[in-house]
Amino acid sequence: MNSSPYFIDAPGAPGYQVIVGRGLLDEVSQSLGDAVKKVLLVYPEGMQASAEMISSALVASGNQVWQLAVADGENAKTDKWLSVAWSSLGQAEFSRSDAILSLGGGATTDLAGFIAATWLRGISVVHIPTTLLGMVDAAIGGKTGINTLEGKNLVGAFHEPKSVIVDLDTLESLPKLELISGFGEIVKYGFIADPVILDLIEEDVEDARNIHSERFEELVVRSIKIKTSVVGQDFRESSLREILNYGHTLAHSIELVEHFKWRHGRAVAVGLCFAAELGRLTGRLSDEVADRHARILRSLDLPTTYPREKWEALYTGMQVDKKSRGGMLRFIVLDDLGKPGILEAPTKELLFTAYQEIAE
């Protein structure tokens, strides 16, 4: 598969395009459009050089650019940085015809998207995700938000981007641990919708992790297609979109317990194994498919267990999960490969039993 650049239509109102390829940063000005004059570029502090390069290109195209360097990772998703951004936009007199541009990982796109959603009740945002996790998940789908002391992404809004530019070359400097973390979401897509993803990884795991390979590019494109298709059918997560939360209820609780110091994809990997055990214990999932979760995740050097003594803290954290309904926990489980369903109101005893299977 060598189809760069690859254009993926994300359906919606009005919908947008995800552009996947290499050397795509020249697409930024075109993606913003001629009507945009002012741009707030939001990026983590460690990406100053890339931010300067993009800013210079935008200025050369006739834009006025303000830069906002925020904290790295989940530390950026706070009301503090939201307030700083609002002040910057107000002082620069941003109008509804202006735009936000994000450059960074999933935390940056979450924050930048929420800034765009809340300023003047919604202005345009273009995302340039620079982590694998951001490319296949956070930058796509219009979910935006910040964290609170009580939980992850409890404050947020649905706000579609104007476009998403997935430049695989930006992964060149990504630390290996960060790259591997992104595979937590890719594996999730394989189990809930596209088993070919799992086959591609199992056939040659090293080639799958090689950012220069056609196999890697195919994994990214397949993952994005699943995300855009599901979100296009259920933008506000009223039904189908819930399947994207496979493994996430426990994952978000792990992140809360770890004070957001665990990478999201690593927490998702543990959450996938937990969800597989729930499926097995309820008689919905075969041993073969359940066991395949841990086998594939371990081959990618992702975690599949979590400390036994953390159970009560994790259970408490799951109670505030935003996917709960009327105080009842809801888990996405599998009935088979590519056949996700809902497990509603499982007992604490069932959850505890499942956890013992992944506890260390």
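Read on for an overview of the structure. The residue numbering used here restarts from 1 in each chain and proceeds along that chain's sequence as written. Selection of residues for local features in this predicted model requires a pLDDT of at least 70, selection of side-chain atom pairs for listing and counting requires 80 or more, and totals for whole chains, interfaces and linings are taken over all residues. Excluding hydrogens and water, the side-chain figures rest on all heavy atoms present in the structure.

**Here's the deal with the overall build of the protein**
As a reminder of what qualifies: Helical segments are the DSSP runs of H or I of at least four residues, strand segments are the runs of E of at least two, and each set is numbered from the N terminus. Only the C-alpha atoms count toward the radius of gyration. The rule for a globule is 2.2 Å times the residue count to the power 0.38. Three exposure classes are used, based on accessible area relative to the maximum for each residue type with a 1.4 Å probe and protein chains only: buried under 20%, partly exposed in between, and exposed over 50%. Residue contacts follow a heavy-atom distance rule, with two residues in contact if any of their heavy atoms lie within 4.5 Å. All accessibility values rest on the Shrake-Rupley procedure with a 1.4 Å probe; residue burial counts only the protein chains present in the view. Just so you know, the count uses Lys and Arg for positive and Asp and Glu for negative, and it drops His and the chain ends. Positions of charges follow a simple convention, taking NZ of Lys, CZ of Arg, CG of Asp or CD of Glu.
Helix and strand counts for the protein stand at 14 helices and 11 strands. For the protein, whose C-alpha radius of gyration is 20 Å, the value lies close to the compact-globule estimate of 21 Å for 360 residues. Principal-axis analysis of the C-alpha atoms places the extent of the protein at approximately 60 × 45 × 35 Å. Evaluated residue by residue, the protein yields a buried proportion of 57% over its 360 residues. Considering only intrachain contacts with a sequence separation of at least 6, the fraction spanning at least 24 residues in the protein is 74%. Only carbon and sulfur atoms are counted for the fraction: they give 49% of the accessible area of the protein, which is about 14,200 Å². Across the protein, the 35 positively charged side chains and the 49 negatively charged ones have centroids separated by 4 Å.

**Let's talk about the pairing of strand β8 (residues 151–158)**
As a reminder of what qualifies: For two strands to be treated as a pair, DSSP must find at least two bridges joining them.
The pairing of strand β7 (residues 143–148) with β8 spans five bridges and is antiparallel. Within β8, the position partnered with Gly145 by the bridge is Gly156. What sits between β7 and β8 in their antiparallel hairpin is a turn of two residues.

**Focus on the packing of aromatic side chains**
Within a pair of aromatic rings, the relevant descriptors are the distance that separates the centres and the angle that separates the planes. Let me state the cut-off plainly: The aromatic pairing rule takes the rings of Phe, Tyr and Trp, using the six-membered ring of Trp, and pairs them if the centres are within 6.5 Å, calling planes under 30 degrees apart stacked, those over 60 edge-to-face and the rest tilted.
Taken as a whole and assessed by the stated rule, the structure comprises seven aromatic pairs. Geometrically, the ring pair formed by Trp311 and Tyr355 is tilted, given 5.3 Å between the ring centres and 35° between the ring planes. Of this pair, Trp311 sits in helix α13 (residues 311–318) while Tyr355 sits in helix α14 (residues 348–356), placing them 44 residues apart in sequence. Residues Trp311 and Tyr355 agree in their burial class; the two are buried. Clustering of aromatic rings is evident, with ring pairs tying together Trp311, Tyr315, Phe352 and Tyr355.

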